[in-house]
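One letter stands for each residue in the lines below.
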Amino acid sequence: MTIKQTAYDFCEACDAGKGWDVCKEWCSQDATFSVQSDALAEITTLAAYTEWAKGLLGPMPDAHAEFKSLAVDEDSNRAILFAVFHGTHSVDAGSGAPTGKTVASDYVYVLDFDGPKIRHMTKVWNDVHALTQLGWM
């Protein structure tokens, strides 16, 4: 399997809320995660991030990712995915009454590979903009 296919399969499963049980197939067991956002400041492992992403489907059951571009840098053993996250806060899943507001939030995943497995993912995301769209801030 190519880096591009692995990146696509992982991102598709992650953003569909499949969680670590499914996503770990494409990752090193100790894969790390980083992001510059307050909403995810405590998350440092890819396992924890995939579970956080899974949790978004509770208050936003229509949530989905629209993949825009996937590029591979073979020299760096890296894949970069640009996407837009869409969803509507329509269910109270312990996060408060539904706001009925929608989000269309751009983000980028930078996936670093060690051989065929993802060893680190950096997410580039404006959490304040996304959470404000949903009425959560």
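Heads up: the structure comes first, above all this text.
Because the structure is a prediction, the values reported are computed rather than measured.

A. Region of the structure containing the pairing of strand E2 (residues 64–73). Relative to strand E3 (residues 78–88), E2 is paired through nine bridges, and the arrangement is antiparallel. Bridging from a neighbouring strand, Asp73 pairs with Arg78 of E3. Linking two consecutive strands that pair antiparallel, namely E2 and E3, is a turn of four residues; a positive phi of about 55° is found at Asn77 within it.

B. View of the nonpolar core. Grouped together as the largest cluster of nonpolar side chains are 36 residues, with contacts concentrated most on Phe10, Leu46, Tyr49, Tyr109 and Leu111. At the level of secondary structure, the elements contributing two or more residues to this core comprise helix H1 (3–15), helix H2 (20–23), strand E1 (27–35), helix H3 (46–55), E3, strand E4 (102–114) and strand E5 (117–125). Counting residues per element, this core draws most heavily on H1, which supplies six residues.

C. Representation of the side chain of Ser105. Looking at the secondary structure, you find Ser105 in strand E4. A relative accessible area of 2% places Ser105 in the buried class. Only 2.9 Å separates the side chain of Ser105 from the side chain of Trp125, close enough to count as a polar contact. Apart from residues no more than four positions distant in its own chain, Ser105 is found in contact with Ala83, Val84, Phe85, Trp125 and Ala130.

What counts, and where the lines are drawn
- Residues numbered from 1 in each chain as written.
- Predicted model: local features only at pLDDT ≥ 70, side-chain atom pairs only at ≥ 80, totals over all residues.
- Heavy atoms only, no water.
- Pairing = 2+ DSSP bridges.
- Helix = DSSP H or I, 4+ residues; strand = E, 2+ residues; numbered from the N terminus.
- Core = buried A, V, L, I, M, F, W, Y, C linked by side-chain atoms within 4.5 Å.
- Buried < 20%, exposed > 50% of the residue type's maximum accessible area, 1.4 Å probe, protein only.
- Polar contact = N/O pair within 3.5 Å; in protein donor to acceptor, adjacent residues only side chain to side chain.
- Contact = heavy atoms within 4.5 Å.

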